[in-house]
Amino acid sequence: MSENSREIREVSVQRTESRKYTATSLATGASIEFGQGEGLLTPVELLLAAIAGCSSIDVDVATTRRSEPEKFDVRASGYKLSEDGASRMDDIHLGFDLKFPDTEEGRKAASMVERIVKLSHDKYCTVSRTVELGASVVSEVVE
């Protein structure tokens, strides 16, 4: 039997100055600054970070049950395209560079990585699955 659920996730974005914004989780109050300018991630970079971060959490949770990694780096890249004046991203790629200790537990953790990366992509990572499958986005002006 399949289990379905629907839980809302919300963030609020406030402009703090020209081309600088703060996104805040309405559930936790956690926030991050972003925008255009020195020291700021752009929204496209945040999208890449969200995809990489989502899969990183899946891999981290599964592998660290066995062993702490000596190295855990994930790189997300993609191409920003402009087609008839409309922008989008394509060919997004995640590269996982992990190293575990040369111990029995470390080898067990390392042996899981490929399977967990695939499971994250195919099933668990909400962010990449949403990007790949598409989701409706509705914009409205609130008065």
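Residues numbered from 1 in each chain as written. Predicted model: local features only at pLDDT ≥ 70, side-chain atom pairs only at ≥ 80, totals over all residues. Heavy atoms only, no water.

- Looking at an unreviewed UniProt entry, the chain carries the name OsmC family protein, with the source organism given as Glutamicibacter ectropisis.

Comments concerning the packing of helix α2 (residues 104–124) against helix α3 (residues 126–133)
Argument step 1. One way to put it is that α2 packs onto α3 with a least axis distance of 7 Å and a crossing angle of 55°. In terms of axis orientation, α2 runs oblique to α3. In terms of crossing hand, the pair formed by α2 and α3 is right-handed. For the pair α2 and α3, contact is made by H121, D122, K123 and Y124 and by T126, S128, R129 and E132, respectively.
Argument step 2. By residue class, the composition of the contact of α2 with α3 is one nonpolar, three polar and four charged. (Axes fitted to C-alpha atoms, helices over the stretch in contact; angles between N-to-C directions. Helix = DSSP H or I, 4+ residues; strand = E, 2+ residues; numbered from the N terminus. Parallel < 35°, antiparallel > 145°, perpendicular 65-115°, else oblique. Left-handed = near helix turned anticlockwise from the far one by under 90°. Contact = heavy atoms within 4.5 Å. Nonpolar A, V, L, I, M, F, W, Y, C, P; charged D, E, K, R; others polar.)

With respect to the pairing of strand β1 (residues 11–17)
Moving residue by residue along a regular strand, the side chains alternate between the two faces of the sheet.
Argument step 1. Two elements, β1 and strand β2 (residues 20–25), share six bridges in a ladder whose sense is antiparallel. Considered in β2, the bridge of Q14 is made with T22.
Argument step 2. The turn linking β1 back onto β2 is made up of two residues, and R19 within it adopts a positive phi angle of 60°. (Pairing = 2+ DSSP bridges.)

A few points about the sheet that holds β2
Argument step 1. In space, the three strands of this open sheet follow the order β1-β2-β3, with antiparallel pairing throughout. In this open sheet, the two edge strands, each paired with only one partner strand, are β1 and β3 (31–35). Each neighbouring strand pair of the sheet contributes to a mean axis angle of 25°, computed without reference to strand direction.
Argument step 2. As judged from the five bridges shared by β2 and β3, these two strands associate in the antiparallel manner.

Comments concerning helix α1 (residues 43–63)
Argument step 1. The terminal C-alpha atoms of α1, which comprises 21 residues, lie 30 Å apart, in line with the 30 Å expected from a rise of 1.5 Å per residue.
Argument step 2. Taken together, the buried positions of α1 are occupied by L48, I51, A52, C54, S55, S56, D58, V59, A62 and T63. (Expected span 1.5 Å × (residues − 1). Buried < 20%, exposed > 50% of the residue type's maximum accessible area, 1.4 Å probe, protein only.)

Things to note about the pairing of strand β5 (residues 86–99)
Argument step 1. Relative to β5, strand β4 (residues 71–83) is paired through twelve bridges, and the arrangement is antiparallel. The partner of S82 across the bridge, within β5, is S87.
Argument step 2. Counting the residues between successive antiparallel strands, the hairpin from β4 to β5 contains two residues, one of them, D84, with a positive phi of roughly 55°.

Some details on unusual backbone geometry
Argument step 1. If you check the backbone angles, R19 has positive phi at about 60° while not being a glycine.
Argument step 2. Judged by relative accessible area, R19 falls into the exposed class, the value being 51%.
Argument step 3. Residue D91 is not a glycine yet carries a positive backbone phi of 50°.
Argument step 4. Since its relative accessible area comes to 52%, D91 is described here as exposed.

Some words on the nonpolar core
Argument step 1. V59, A62, L98, F100, A109, M112, V113 and I116 together form the largest nonpolar core, which totals eight residues.
Argument step 2. Counting residues per element, the ones that place at least two in this core are α1 and α2.
Argument step 3. It is α2 that provides the largest number of residues to this core, a total of four residues.
Argument step 4. Those residues in contact with V59 that lie beyond four places of it in its chain are F72, F96, L98, I116 and V117. (Core = buried A, V, L, I, M, F, W, Y, C linked by side-chain atoms within 4.5 Å.)

Comments concerning a nonpolar patch on the surface
Argument step 1. A cluster of nonpolar side chains, L47, I92 and V131, forms an exposed patch at the surface whose accessible area comes to about 190 Å².
Argument step 2. Considering the arrangement of structural elements, one finds V131 in helix α3.
Argument step 3. With a relative accessible area of 40%, V131 lands in the partly exposed category. (Patch = residues over 30% accessible without salt bridge, like charges linked within 9 Å, V, L, I, M, F, W, Y side chains within 5 Å. Areas by Shrake-Rupley, 256 points an atom, 1.4 Å probe, with all protein chains shown as cover. Salt bridge = Lys/Arg side-chain N within 4 Å of Asp/Glu carboxyl O.)

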